[in-house]
Amino acid sequence: MGRTSNRSVERAFALVDELAENGGGRVSELAERVDMPVSTAHDHLQTLVETGYVRMEDKEYQTTTRFLEVGHRQRHRLEVFKAVRDELETVAEETGEHATLFVEEADQAVILAVQEGSDAVNLFAYPGARMPLHAVAPGKAMLASMPTDRVEEIIDRHGLVELTSRTITNPDVLFDQLEEIRGQGYAVDEGERIAGMVCIAAPIFDKNDRVRGAICVCGPQSRIDETRRDEIADVVQRAANVTQVNLDYV
């Protein structure tokens, strides 16, 4: 595929990302948002309509649920998703909080599954949501399980973006924390992505000690004190261990 074709694909996905991030819009509005000629934007949008990934209603373009179908199928192909489903529900029931399965994809932490306990707060967390690895407990749990040179490459490519006043933005501080995570077997973030929330996560390994994801529990800082943190850490570590065993049978 030549550079011209690659550029066309990039432009089409720029429109898709814009629609997903900010909702629908008329072709002229979308073209302006992504800095693209109107005629070019129109051609790409029409192709996306023809393939079923975008629809037009009242002269506004919107993404369709076709993307949901693609993501759903891909999620069910992943062994770690199959191995964790029952465990994630148990974690949510035992803690009463928000339980999630994360994987690493393209240097980001991506939510693969969500279960809500009886006391879970609404975090607007959904399968497919992406976030920086260094700013969330499951991301740090996975980083701690990677070779140092891989972590350095991720930092070089993406930096350490500050999401809240508590986000780690110093590489030395991050590497010190990753060493601590390796020692204790779980990661914690205290308001590093969402102010006022505490998240605790344990990495999931396969039989070859390759990190395959992380199980995470999040709740309000007001009800997750030190004692409860230890209890939740035990829960997520146990669930990660059971998932590791399950991976041999999926």
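Residues numbered from 1 in each chain as written. Predicted model: local features only at pLDDT ≥ 70, side-chain atom pairs only at ≥ 80, totals over all residues. Heavy atoms only, no water.

## Observations concerning the UniProt feature "domain: HTH iclR-type" (unreviewed entry) in the protein
Piece 1. Taking the numbering used here, the UniProt-annotated feature "domain: HTH iclR-type" (unreviewed entry) corresponds to residues 6-65.
Piece 2. Summarising residues 6-65: 62% helix, 13% strand, and an end-to-end C-alpha distance of 25 Å. (UniProt positions renumbered as here; feature names shortened; annotations may be inferred. Helix = DSSP H or I, 4+ residues; strand = E, 2+ residues; numbered from the N terminus.)

## Structural notes on the pattern of salt bridges
Between side chains of opposite charge, pairing is possible as soon as their charged atoms come close.
Piece 1. For the structure shown, the criterion picks out 20 salt bridges.
Piece 2. Notably, a salt bridge pairs Arg55 with Glu57, separated by 2.4 Å at the nearest N-O pair.
Piece 3. Members of the salt-bridge network, linked through shared partners, are Glu79, Asp206, Arg210 and Arg212. (Salt bridge = Lys/Arg side-chain N within 4 Å of Asp/Glu carboxyl O.)

## Observations concerning the state of the cysteines
Piece 1. Summed over the entire model, instances satisfying the criterion amount to one disulfide.
Piece 2. Covalently, Cys199 is tied to Cys218 through a disulfide, its sulfur atoms 2.0 Å apart. Looking down the S-S bond of the Cys199 and Cys218 bridge, the torsion is 115 degrees, so its handedness is right-handed. Linking Cys199 in strand S7 (residues 197-205) with Cys218 in strand S8 (residues 211-220), this pair joins segments that are 19 residues apart in sequence. Each member of the pair, Cys199 as well as Cys218, is classed as buried. (Disulfide = S-S within 2.5 Å. Buried < 20%, exposed > 50% of the residue type's maximum accessible area, 1.4 Å probe, protein only.)

## With respect to the nonpolar core
Piece 1. Counting 31 residues, the largest nonpolar core has Phe102, Ala109, Met131, Met142, Leu143 and Leu178 as its most contacted members.
Piece 2. Put simply, the parts of the chain that give this core at least two residues each are strand S4 (108-116), helix H6 (137-143), helix H7 (148-158), helix H8 (171-184), S7 and S8.
Piece 3. Apart from residues lying up to four places away in sequence, Leu143 is in contact with Leu133, His134, Val151, Ile154 and Leu178.
Piece 4. Grouped together as the second largest cluster of nonpolar side chains are 29 residues, Val91, Ala92, Tyr186 and Ile200 included. (Core = buried A, V, L, I, M, F, W, Y, C linked by side-chain atoms within 4.5 Å. Contact = heavy atoms within 4.5 Å.)

## Thoughts on the UniProt feature "domain: IclR-ED" (unreviewed entry) in the protein
Piece 1. Those residues carrying the UniProt feature "domain: IclR-ED" (unreviewed entry) are residues 66-249 in this numbering.
Piece 2. Note that residues 66-249 is 45% helix and 23% strand, and that its end C-alpha atoms are spaced 31 Å apart.

## Let's talk about the packing of helix H4 (residues 66-77) against helix H5 (residues 79-95)
Piece 1. Where H4 contacts H5, the two axes come as close as 5 Å, and the packing angle between them is 80 degrees. Overall, the two elements H4 and H5 adopt an arrangement that is roughly perpendicular. Residues Arg75, His76 and Arg77 of H4 form the contact with H5, whose participating residues are Glu79, Phe81, Lys82 and Arg85.
Piece 2. In terms of residue class, the contact of H4 with H5 is made up of one nonpolar, one polar and five charged. (Axes fitted to C-alpha atoms, helices over the stretch in contact; angles between N-to-C directions. Parallel < 35°, antiparallel > 145°, perpendicular 65-115°, else oblique. Nonpolar A, V, L, I, M, F, W, Y, C, P; charged D, E, K, R; others polar.)

## Details of the domain arrangement of the protein
Piece 1. Split into domains, the protein comes out as domain 1 (7-63) and domain 2 (71-248).
Piece 2. Here the C-alpha centre of domain 2 lies 34 Å away from the C-alpha centre of domain 1. (Domains from an automatic or database assignment.)

## Observations regarding helix H9 (residues 226-246)
Piece 1. Here H9 is 21 residues long and its end C-alpha atoms lie 30 Å apart, about the 30 Å a rise of 1.5 Å per residue gives.
Piece 2. Turning to H9, the residues buried within the fold contact H5, strand S6 (187-190), S7 and S8. (Expected span 1.5 Å × (residues − 1).)

## Brief notes about unusual backbone geometry
Piece 1. Located in the positive-phi region is Lys59, a residue other than glycine, with phi close to 70 degrees.
Piece 2. Locating Lys59 in the fold gives a position in the loop between strand S1 (54-57) and strand S2 (60-63).
Piece 3. At Phe124, a position not held by glycine, the phi torsion is positive, near 50 degrees.
Piece 4. Among the secondary structure elements, Phe124 is positioned in the loop between S4 and strand S5 (130-132).

## As for the pairing of S2
Piece 1. With four bridges joining them, S1 and S2 adopt antiparallel strand pairing. Within S2, the residue paired with Glu57 across the bridge is Glu60.
Piece 2. The turn linking S1 back onto S2 is made up of two residues, and Asp58 within it adopts a positive phi angle of 55 degrees. (Pairing = 2+ DSSP bridges.)

## What about H5?
Piece 1. For H5, spanning 17 residues, the distance from its first C-alpha to its last is 25 Å, which sits close to the expected 24 Å at 1.5 Å a residue.
Piece 2. Along H5, the largest kink reaches about 50 degrees and is centred on Arg85.
Piece 3. Among the residues of H5, Val80, Phe81, Ala83, Val84, Glu87, Leu88, Val91, Ala92 and Thr95 are the ones counted as buried.
Piece 4. Its buried side turned inward, H5 meets H4, strand S3 (98-105), S4, S7, S8 and H9.
Piece 5. Of the residues flanking the end of H5, it is Gly96, one or two places downstream, whose phi is positive at about 75 degrees. (Bend = angle between axes of the 7 residues up to and from the residue.)

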